[in-house]
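A look at the structure
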Amino acid sequence: MLKKVLLAISLLTVLIGTTQAQIIRDTRWDAEVFNRANTAKDVSYLSDDEKSVICLCNLARLNGKLFANTYLRDYVEEKSIKSEYVQTLINDLQNVHDLPMLIPDLGLCTAAANHATDIGNTGRTGHQSSDGRDLIKRFEKYFANGTVSENCSYGKSAPLDIVMQLLIDDGVESLGHRNVMLSEQFGAVGVSIAKHSVFNYNCVLDFYDSFL
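Residues numbered from 1 in each chain as written. Predicted model: local features only at pLDDT ≥ 70, side-chain atom pairs only at ≥ 80, totals over all residues. Heavy atoms only, no water.

Now for the pattern of salt bridges. Per the counting criterion, the structure on display carries eight salt bridges. A salt bridge links Arg73 to Asp74, with the shortest nitrogen-to-oxygen separation between them at 3.8 Å. Of the residues examined, Asp74 reaches a relative accessible area of 29% and is grouped as partly exposed. The closest approach of N and O atoms between Arg133 and Asp131, which form a salt bridge, is 3.0 Å. Taken together, the salt bridges that share partners define one network made up of Asp26, Arg28, Arg73 and Asp74. (Salt bridge = Lys/Arg side-chain N within 4 Å of Asp/Glu carboxyl O. Buried < 20%, exposed > 50% of the residue type's maximum accessible area, 1.4 Å probe, protein only.)

Residue Leu72 marks the point of greatest curvature in helix α3 (residues 64-79), where the axis turns by about 35°. Looking at α3, one finds that the buried residues are Gly64, Phe67, Ala68, Thr70, Tyr71, Leu72, Tyr75 and Val76. Against the buried residues of α3 lie α1 (31-37), α2 (48-62), α4 (84-93) and α7 (159-168). Ser80 lies just past α3 and shows a positive phi near 55°. (Bend = angle between axes of the 7 residues up to and from the residue. Helix = DSSP H or I, 4+ residues; strand = E, 2+ residues; numbered from the N terminus. Contact = heavy atoms within 4.5 Å.)

Glancing now at α2. Spanning 15 residues, α2 covers 21 Å between terminal C-alpha atoms, matching the ideal 21 Å at 1.5 Å per step. Along α2, 14 of the 15 residues are buried, which leaves the element largely enclosed by surrounding structure. (Expected span 1.5 Å × (residues − 1).)

Before going further, it helps to spend a moment on unusual backbone geometry. Excluding glycine, residues mostly carry a negative phi; peptide bonds, for their part, are mostly trans. Despite not being glycine, Ser80 shows a phi value in the positive range, around 55°. Assignment of secondary structure puts Ser80 in the loop between α3 and α4. The phi angle at Asp169 is positive, at roughly 55°, despite the residue not being glycine.

Of all hydrophobic cores here, the largest spans 48 residues; its most connected members are Leu59, Phe67, Tyr71, Leu72 and Leu205. Elements with a contribution of two residues or more to this core: α1, α2, α3, α4, α7, α8 (176-181), β4 (188-196) and β5 (200-208). Broken down by element, this core gets its largest block of residues, eight residues, from α2. For Leu59, the residues in contact, after removing those within four places along its chain, are Trp29, Phe34, Ala37, Phe67 and Tyr71. (Core = buried A, V, L, I, M, F, W, Y, C linked by side-chain atoms within 4.5 Å.)

Next up on the list: the pairing of strand β3 (residues 147-154). A large share of β3 lies buried, amounting to eight of its eight residues. Here β3 shows two buried faces, one formed by Thr147, Ser149, Asn151 and Ser153 and the other by Val148, Glu150, Cys152 and Tyr154. Sheet topology places β3 next to β5; seven bridges connect them, and they run antiparallel. The partner of Asn151 across the bridge, within β5, is Leu205. (Pairing = 2+ DSSP bridges.)

This paragraph deals with the packing of α3 against α7. Where α3 contacts α7, the two axes come as close as 12 Å, and the packing angle between them is 100°. Relative to α7, the element α3 is oriented roughly perpendicular. Note on element contacts: α7 touches α3 through Leu160, Asp161, Met164, Leu167 and Ile168, opposite Phe67, Tyr71, Leu72, Tyr75 and Lys79. Each residue belonging to the contact of α3 with α7 can be placed in one class, and the counts come to eight nonpolar, no polar and two charged. (Axes fitted to C-alpha atoms, helices over the stretch in contact; angles between N-to-C directions. Parallel < 35°, antiparallel > 145°, perpendicular 65-115°, else oblique. Nonpolar A, V, L, I, M, F, W, Y, C, P; charged D, E, K, R; others polar.)

Encoded structure:
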């Protein structure tokens, strides 16, 4: 059985996002650093948008201060976001540097896709499947032990919208989604973006404590 579960139990306020192609390198980022973050670029079982979600997560984990001064700053200005949670994110990112890169894993991506499809089709939210299984039960099929966590985003389909929603964590007092995404504990990830019958889209990110 999985030894430990970290859940971001609070749900985010949802807004409908727009789709976009795979993320293009911001020229303020060194090409070598960007390529290091783009761990999913050659993975065949992920869409370009899903690959971009992983790349953006990794950029924040590689150099939080630069991420705050580039992607985050530009996003907040474009969207005219006034939330106090933005400043707490900027503060947190100052101390994030050279965390382990999140490497895509087929098992994690399969688990994420199954959950994203299930809750999308049934209009549900949260970490419990429509048949009543919790996160641990859903993961026992793929992994015997270790630490797993899951973030769920609703109403967004564009990679930048998804990542910013989870990092800013507006209204989530525990900052559970942000803490998971910036945790040094995790090294493997699965991502799935799927249609949602209520919120149009949902994205599930599953994290594991090491590359499998």
